[in-house]
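Letter by letter, the chains look like this.
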Amino acid sequence: MWTRHHKKRRLGRLVVPLLAVAFLSYFGYHSIHGGYGLEATKEFDRQIAERQARLDELTQTRKNPGKGSRADERRFAGERHAG
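Nothing here was measured: the structure is a model prediction, and the numbers come from that model. (Residues numbered from 1 in each chain as written. Predicted model: local features only at pLDDT ≥ 70, side-chain atom pairs only at ≥ 80, totals over all residues. Heavy atoms only, no water.)

**Structural notes on the packing of aromatic side chains**
Inference 1: Enumeration over the complete set of coordinates arrives at three aromatic pairs.
Inference 2: Look at Tyr26 and Phe27: their rings are 5.0 Å apart centre to centre, the planes differ by 90°, and that puts the pair in the edge-to-face class.
Inference 3: Residue Phe27 is classed as partly exposed on the basis of its relative accessible area, which comes to 45%.
Inference 4: With a centroid separation of 6.5 Å and an interplanar angle of 45°, the aromatic rings of Tyr36 and Phe44 are classed as tilted. (Phe/Tyr/Trp six-rings, centres within 6.5 Å; stacked < 30°, edge-to-face > 60°. Buried < 20%, exposed > 50% of the residue type's maximum accessible area, 1.4 Å probe, protein only.)

Okay, structure coming up:
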């Protein structure tokens, strides 16, 4: 019976490790810089804090309607006089 013998190549031994490094590098980079990565999470947290502060301000204004801001008074001034 004839068998084929292949000479082992250096390149063949490097294929799997190179693919593994490429795979891990890709996912490692995107876990930090991607749309849902660590840096994006910081931005999301900043937006949440900003919007929560705005919500608290609007809630307080609604609870105390007589103490509205000047912008609110100017905005509604035209509606009061249009009777």
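Still to come is the rest of the account.
**Some remarks on the pattern of salt bridges**
Inference 1: Overall, the coordinates contain three salt bridges when judged by the stated rule.
Inference 2: Between Arg46 and Glu43 there is a salt bridge, with the nearest N and O atoms lying 2.6 Å from each other. Residue Arg46 and its partner Glu43 are both found in helix H2 (residues 38-63); the two are separated by three residues, about one turn of the helix.
Inference 3: The exposure class of Arg46 is partly exposed, given its relative accessible area of 41%.
Inference 4: Residue Glu43 is classed as partly exposed on the basis of its relative accessible area, which comes to 33%.
Inference 5: Between Glu57 and Arg54 there is a salt bridge, with the nearest N and O atoms lying 2.9 Å from each other. Linking Glu57 with Arg54, this pair stays in helix H2, spanning three residues, or about one helical turn.
Inference 6: The class of Arg54 is partly exposed, set by a relative accessible area of 43%.
Inference 7: Three or more residues are tied together by salt bridges with common partners; here these are Glu43, Arg46 and Glu50. (Salt bridge = Lys/Arg side-chain N within 4 Å of Asp/Glu carboxyl O. Helix = DSSP H or I, 4+ residues; strand = E, 2+ residues; numbered from the N terminus.)

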